[in-house]
Amino acid sequence: MSQEPAPASTVRQPLEPAAADAVRAYAARTRDNADRLAAVLEDIAANGLPSVEECTPWEELREAHLARLAAQRPAVA
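Novice: Describe in detail the overall build of the chain, supporting the description with residues and values.
Specialist: Of the regular secondary structure elements, the chain holds 2 helices and 0 strands. Across the 77 residues in the chain, those meeting the buried criterion constitute 1%. A total of about 7,600 Å² of accessible surface is found on the chain, and carbon and sulfur atoms cover 61% of it.

Novice: Please provide a residue-by-residue account of helix H1 (residues 17-47), values included.
Specialist: Residues spaced three or four apart along an α-helix point in a common direction, a consequence of the helix completing one turn every 3.6 residues. With 31 residues, H1 ought to run about 45 Å at 1.5 Å a step, and its terminal C-alpha atoms sit 45 Å apart, in line with that. Phi turns positive one or two residues past the end of H1, at Gly48, with a value near 85°.

Novice: Just give me the short version of the pattern of salt bridges, but keep the residues and values in it.
Specialist: Here the structure, examined in full by the defined rule, presents 2 salt bridges. Between Glu63 and Arg62 there is a salt bridge, with its nearest N and O atoms 3.1 Å apart. Relative accessible area serves as the criterion here: at 35%, Arg62 is assigned to the partly exposed category.

How each quantity is defined
- Each residue is numbered by its place in its chain's sequence as written, counting from 1.
- Given that this is a predicted model, residues contribute local features only at a pLDDT of at least 70 and side-chain atom pairs are listed and counted only at 80 or more, while totals for whole chains, interfaces and linings are drawn from all residues.
- No hydrogens and no water enter the side-chain calculation; it runs on all heavy atoms of the structure.
- Under the DSSP-based scheme used, a helix requires at least four consecutive residues in state H or I and a strand at least two consecutive residues in state E, with every element numbered from the N terminus.
- We call a residue buried when its accessible area falls under 20% of the maximum for its residue type, exposed when it is over 50%, and partly exposed in between, using a 1.4 Å probe and counting protein chains only.
- Computed with a 1.4 Å probe, the accessible areas rest on the Shrake-Rupley method; for each residue, only the protein chains presented here act as cover.
- Between the first and last residue of a helix there are one fewer steps than residues, each counted as 1.5 Å, and that sum is the expected span.
- By definition, a salt bridge exists where a carboxyl oxygen of Asp or Glu is found within 4 Å of a side-chain nitrogen of Lys or Arg.

Rendered as structure tokens:
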């Protein structure tokens, strides 16, 4: 990095405390999701793929996810 001061147009603007907290919370959730995915991939690499009987069909996963999304959203008239 250069020792020269940054031009005025590239100076960062601080976030409001609530916005900064929201960004930190999003980063934590994203990090947790990435850690879970990495753990699953490491398990697959170490032990191979699970048997078909141990897996949940993607259609069931999709329907469960859609139901969760619908429950979070208020009904539209």
